[in-house]
Amino acid sequence: MAPLCAGCGNPAQPGESLCAECENKVRQKQKNGVYRMNYANLARAILARANTLDTEVTVGDDGADHVTKIDDAQLLRCLARMLSGQAVKTAFGAPGDWGYESPIGAALHQDYVAARVAGGQENRTN
Ligand SMILES: [Zn+2]
């Protein structure tokens, strides 16, 4: 199976951790003066670990360990997206994606609000 894009989950370009569309988004940011290193090999290795975690999740099991493994796999995917050059906000997405009541969703919401108040970060999600 072809490696999947760390940004969106579509097939990645050969030897890359992102698909062409996500790669273009990163390149556009670079043109605008926002350069982020693409650690493609590290991102692929971390994505592989996330996929392994997914296989360890038992269908129909909704216990705490199950939820923890799903969150862990998602966090590894966030890390892979950041290593592929995406901004933290793009990599983590909206607080509601995690659930505003979850620790991660609540933390994202607080940080996004703080960033908006400070005016130091863009408000777009991608
Ligand atoms: Zn992509």
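The structure presented is a predicted model; accordingly, all values stated were derived computationally and were not measured.

On to the overall build of the chain, then. When you go through the chain residue by residue, the secondary structure sums to six helices and zero strands. When the helices and strands of the chain are read in sequence order from the N terminus, they spell out α-α-α-α-α-α. Buried positions account for 25% of the 126 residues belonging to the chain.

A word on the nonpolar core. Ranked by internal contacts, the top residues of the largest apolar core, which has 20 residues, are Cys5, Leu18, Ala43, Ile46 and Ala80. Elements supplying a minimum of two residues to this core: α1 (20-31), α2 (40-56) and α3 (64-83). With five residues, the single largest contributor to this core is α3. Once residues within four sequence positions are removed from consideration, alanine 80 is found in contact with Ala6, Ser17, Ala43, Ile46 and Leu47.

Attention now goes to the environment of leucine 18. Topologically, leucine 18 is positioned in the segment before α1. Look at leucine 18 and you get buried, because 28 C-beta atoms sit within 10 Å. Among residues more than four places away in sequence, those in contact with leucine 18 are Cys5, Ala6, Gly7, Ala12, Gln13, Glu23, Val26 and Ser84.

Across its 20 residues, α3 extends 28 Å between first and last C-alpha, which sits within 8% of the 28 Å expected from 1.5 Å per residue. Taken together, the buried positions of α3 are Leu76, Arg77, Cys78, Leu79, Ala80, Arg81 and Leu83. Elements in contact with the buried residues of α3: α2 and α4 (88-92). After α3 finishes, the residue glycine 85 shows a positive phi value of roughly 110°.

Glancing now at the confidence of the model for the chain. Chain-level statistics for the chain give a pLDDT mean of 83 and a share of 90% at 70 or above. Looking across the chain, the model is least confident in α1, with a mean pLDDT of 85, and most confident in helix α5 (residues 95-98), with 93.

Conventions used here
- For every chain, the first residue of the written sequence is number 1, and numbering continues from 1 along that sequence.
- Totals for whole chains, interfaces and linings use every residue, but because this is a predicted model, local features are given only for residues with pLDDT of at least 70 and side-chain atom pairs only at 80 or more, for both listing and counting.
- Counting from the N terminus, the helices are DSSP H or I runs at least four residues long and the strands are E runs at least two residues long.
- Exposure criterion: with C-beta atoms placed from backbone coordinates, a residue whose C-beta has 20 or more other C-beta atoms within 10 Å is buried, one with 12 or fewer is exposed, and one in between is partly exposed.
- Under the definition applied here, buried Ala, Val, Leu, Ile, Met, Phe, Trp, Tyr and Cys residues are grouped into a nonpolar core through C-beta atoms within 7 Å.
- A pair of residues counts as a contact when their C-beta atoms, built from backbone coordinates, are within 7 Å of each other.
- The span one expects for a helix is its residue count, reduced by one, times 1.5 Å.
- The predictor attaches a confidence to each residue, called pLDDT, with possible values from 0 through 100.

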